[in-house]
Amino acid sequence: SAAWSRKKTRAEEALHDLASELLEVQALRAERPGFAFPADDAAQLAFEDSFPFKETADQLETVVAIKQDMEKAKPMDRLVCGDVGFGKTEVALRAAFATAFDGRQVAVVVPTTLLCRQHFQTFRERFQGYPVRIEQISRLVPAKRARAAKEGFADGTVDIIIGTHALLAKDVRPRNLGLLVIDEEQHFGVAHKERLKRLKGDVHVLTLTATPIPRTLQLALAGIRELSLIATPPVDRLAVRTFILPYDPVIIREAILREKFRGGQTFYVCPRVSDLEHVTAALEELVPEVKVAIAHGRMAARDLEDTMTRFYDGGFDILVATNIIESGLDLPSVNTIFIHRADMFGLAQLYQLRGRVGRSKVRAYAYLTLPPGRMLSPAAEKRLEVMQTLDTLGAGFSLASHDLDIRGAGNLLGAEQSGHIREVGIELYQQMLEEAVAEARGLAQGLNGGRKGDDDWSPAIAVGMPVMIPDSYVGDLTVRLGLYRRLAWLSEGDQIDAFAAELIDRFGPLPDEVENLLQNIALKKLRREAGIEKVDAGIKGAAVSFRKDHFANPAGLVAWITGHEETAKLRPDHTLVLMRDWQDPAERMQGVRYLVGELTRLACEGEGQGNP
């Protein structure tokens, strides 16, 4: 329709700008010669052998892929998607070691002060005994020490720097940056990522996440960024048991005491800072046998540091906190978590919070509590339902894919989260993006085999009968959309036959509407070969419009019309009209197939004779 054409035109215009920006970023990295790191030496192998756990197959595969990227004279841009607690940090540690021992610097950017503190401790422990200086910059670091760390990073005496958003400040200037590690990238906004681009330049970039935002996942799936999956859980890791229930003091007291008696600790997470005092008072009254502490981002830096240190050391049984604990914290002793007012958290937040427990060989429990008697919004119900179903190990990538399906990938470089993808669909958006990038490169001719524009159109057909997958045949909307997506890529007869057989096997005999749809798809390839832009068929016949108002074999077409002069004619606007009595829909579809088949045969004969 006209509205569809306007939407597509708007998307195309936006994509030309997007393609130029995307190319500018990618070309800058591709054209700047990176630096190739040497192959593993004895020190690297010794460092890797000091890892106290057994690597999983996915971890080893990812490490090999990263090293291969770093040994090329081209900047790496790799996304490592691994579930919470599956060993992404160790992968980054090995890349950081290779970088530091080649005389270059490493910057590790994290979203929260607590994760910065934890990574700083982890890096110092793993690099103990090696001549590598590691510093951190965050709100927990005194100003004098942070200033010294920045100066050391600028003059090259600091080899590895770990920091929060403070690392993105203008006064942070590395002397010889070789590797940029972005941990939990889903927490960084577009503005932060723009500042990260300044740091990137010609350096290797490693992005770590358990639940990539849809835009990042789409960039990886589209091949613009390399993707590694760590989907294998560590040995003896158990899935977290998840319970969604109304707030119940009896269950809460029982679960907290059970965790205390088995020597563990508990997280109690609230959505707002204002909830913490009230919840803490209720817990102290409900379970007087335990010690409770509070942690949130508005606390004074020294108080937060002291609280977390004491909790790490076992000084408290329960930590009542906001979602400041969400990102990457690794406390094997904490194996029970309560998420207060779970309906107020996002899907990725809930998944990340649940990942804070169950990081040892002990069975962990997550309780998502809801206010009793309150109706939830449909979106909150959907999130909780997904959390209940994604209760297996390694479900983070599934969650991100689910998010990509629900929200769309967004404009890949812009601030908008949905944008034109929502209007034209992800497949068409991706195809248009590829064409815009090719055009911006001046390579469209080469990519299309010298036939520029051959793939940027889709023939339309209207036969006056339903052409669809009805919801009475496939009830689930998500499944129906998936089937439509698959249909868009089918072109060969045997593919369509196999698809029809699958439908019959899964959903039963094909309704007429689906039969019509499959026949329509089967005709699409023929219509393209014949250069047919549109077919309108009804009870009195059919009208065929040709692309760019010409036909590949005009002489053959004239001869064919002459042979059917009683029923066929060519209008002044080059529309071919075939007059028939097609009252029966099946007969009409059969007639359209015959007509398109004849025009395809004539067009192919014309190409064989070298006609224009």
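Here's what I pulled together on the structure shown here. Note that this is a predicted model, so its numbers are computed, not measured. (Residues numbered from 1 in each chain as written. Predicted model: local features only at pLDDT ≥ 70, side-chain atom pairs only at ≥ 80, totals over all residues. Heavy atoms only, no water.)

**Quick look at the overall build of the protein**
We count it as follows: Helical segments are the DSSP runs of H or I of at least four residues, strand segments are the runs of E of at least two, and each set is numbered from the N terminus. Under the scheme applied here, a residue whose accessible area is under 20% of the maximum for its type counts as buried, over 50% as exposed, and between as partly exposed, the area being computed with a 1.4 Å probe on protein chains only. Note on contacts: a residue pair qualifies if any of its non-hydrogen atoms lie within 4.5 Å across the two residues. Using a 1.4 Å probe, accessible areas were evaluated by the Shrake-Rupley method; residue-level cover was limited to the displayed protein chains.
Helix and strand counts for the protein stand at 22 helices and 18 strands. Buried positions account for 49% of the 612 residues belonging to the protein. The long-range fraction of contacts in the protein, counting pairs at least 24 apart against all pairs at least 6 apart in sequence, stands at 76%. For the protein, the exposed surface amounts to about 28,700 Å²; the carbon and sulfur share of it is 52%.

**Some words on the packing of aromatic side chains**
How we decide: Whether two aromatic rings pair depends on their centres lying within 6.5 Å, for rings of Phe, Tyr and Trp, where Trp uses its six-membered ring; planes under 30 degrees apart make the pair stacked, over 60 edge-to-face, and the rest tilted. Counting as a charge over the ring demands two things of the Lys NZ or Arg CZ atom: a distance within 6 Å of the ring centre and an angle within 35 degrees of the ring normal.
With the rule as written, the count across this model stands at 15 aromatic pairs. Seen from their ring centres, Phe47 and Phe97 are 4.3 Å apart, and the 20° between their planes marks the pair as stacked. Of this pair, Phe47 sits in helix H2 (residues 42-49) while Phe97 sits in helix H4 (residues 88-100), placing them 50 residues apart in sequence. Using a relative accessible area of 0% as the deciding quantity, one classes Phe97 as buried. Relative to Tyr367, the ring of Phe338 has its centre 4.9 Å away and its plane inclined at 15°; by these criteria the two rings are stacked. Note that Phe338 is positioned in strand E12 (residues 334-339) and Tyr367 in strand E13 (residues 365-370), a separation of 29 residues in sequence. Per residue, the accessibility class of Phe338 equals that of Tyr367, and both read buried. Grouped by ring-pair contacts, the aromatic residues Phe47, Phe97, Phe101, Phe123, Phe127 and Tyr130 constitute a single cluster. The lysine or arginine in question, Arg117, covers the ring of Tyr312, its NZ or CZ lying 4.9 Å from the ring centre.

**Quick word on the packing of helix H12 (residues 347-354) against helix H13 (residues 378-389)**
Definition in use: Helix axes use the C-alpha atoms of the stretch in contact, all axes being lines fitted to C-alpha atoms, and the angles between their N-to-C directions lie in the range 0 to 180 degrees. Definitions for this section: a left-handed crossing has its near helix turned counterclockwise from the far helix by less than a right angle. A right-handed crossing has that turn clockwise. Residue classes follow a fixed rule: Ala, Val, Leu, Ile, Met, Phe, Trp, Tyr, Cys and Pro count as nonpolar, while Asp, Glu, Lys and Arg count as charged, and any other residue, Gly among them, counts as polar.
Two elements in contact, H12 and H13, have axes separated by 10 Å at closest approach and are oriented at 35°. You can see that H12 and H13 cross each other, and the crossing is right-handed. For the pair H12 and H13, the contacting residues are Leu347, Leu350, Tyr351 and Arg354 in the first and Arg383, Leu384, Val386 and Met387 in the second. Residue composition of the contact of H12 with H13, by class: 6 nonpolar, no polar and 2 charged.

**Structural notes on the layout of surface pockets**
Over the atoms rolls a probe the size of a water molecule, and its path tells where empty space is left. Note the cut-off: The rule is simple: put a 1 Å grid over the protein atoms alone, call a set of points where a 1.4 Å probe fits but cannot get out a cavity, call an open set with protein on both sides within 12 Å along at least five of seven lines a pocket, and count a residue as lining if it has an atom within 4 Å of a point. Grid points are joined across faces, edges and corners, and a volume is the space filled by probe spheres set on the points.
Looking at the second largest pocket, its volume works out to about 1,100 Å³. Taken together, 37 residues line the second largest pocket, and the ones lying closest to its centre are Phe51, Phe53, Gly85, Asp330 and Arg359. Where the lining of the second largest pocket is concerned, the elements lending two or more residues are H4 and helix H5 (113-126). Ranked by the residues each element gives to the lining of the second largest pocket, the list is headed by H5, at 7 residues. Taken together, the residues of the lining of the second largest pocket break down into 13 nonpolar, 12 polar and 12 charged.

**What to know about the sheet that holds strand E18 (residues 576-579)**
Here is the rule: Strands are labelled as partners when DSSP assigns at least two bridges between them.
Spatially, 5 strands are ordered E14-E15-E16-E18-E17 in an open sheet, and the strand pairing comes out mixed. The outermost strands of the open sheet, each flanked by one partner alone, are strand E14 (460-462) and strand E17 (568-570). Taken over all neighbouring pairs, the strand axes of this sheet differ in orientation by 10° on average, direction set aside. In this sheet, strand E15 (residues 532-538) lies alongside E14 in parallel orientation, the contact comprising 3 bridges. Counterpart to Ile461 in the pairing with E15 is Val535.

**Focus: H13**
The following threshold applies: Expected span of a helix, by definition, is 1.5 Å for each gap between consecutive residues, and there is one gap fewer than residues. Note: the arc covers the axis-to-C-beta directions of the helix.
Over its 12 residues, H13 extends 17 Å from the first C-alpha to the last, a length consistent with the 16 Å expected when each residue adds 1.5 Å. Ala380, Leu384, Val386 and Met387 are the residues of H13 that are buried. Buried residues along H13 cover an arc of 155° about the axis, so they all sit on one side. In H13, those exposed residues whose orientation departs by more than 90 degrees from the buried face are Pro378 and Thr389.

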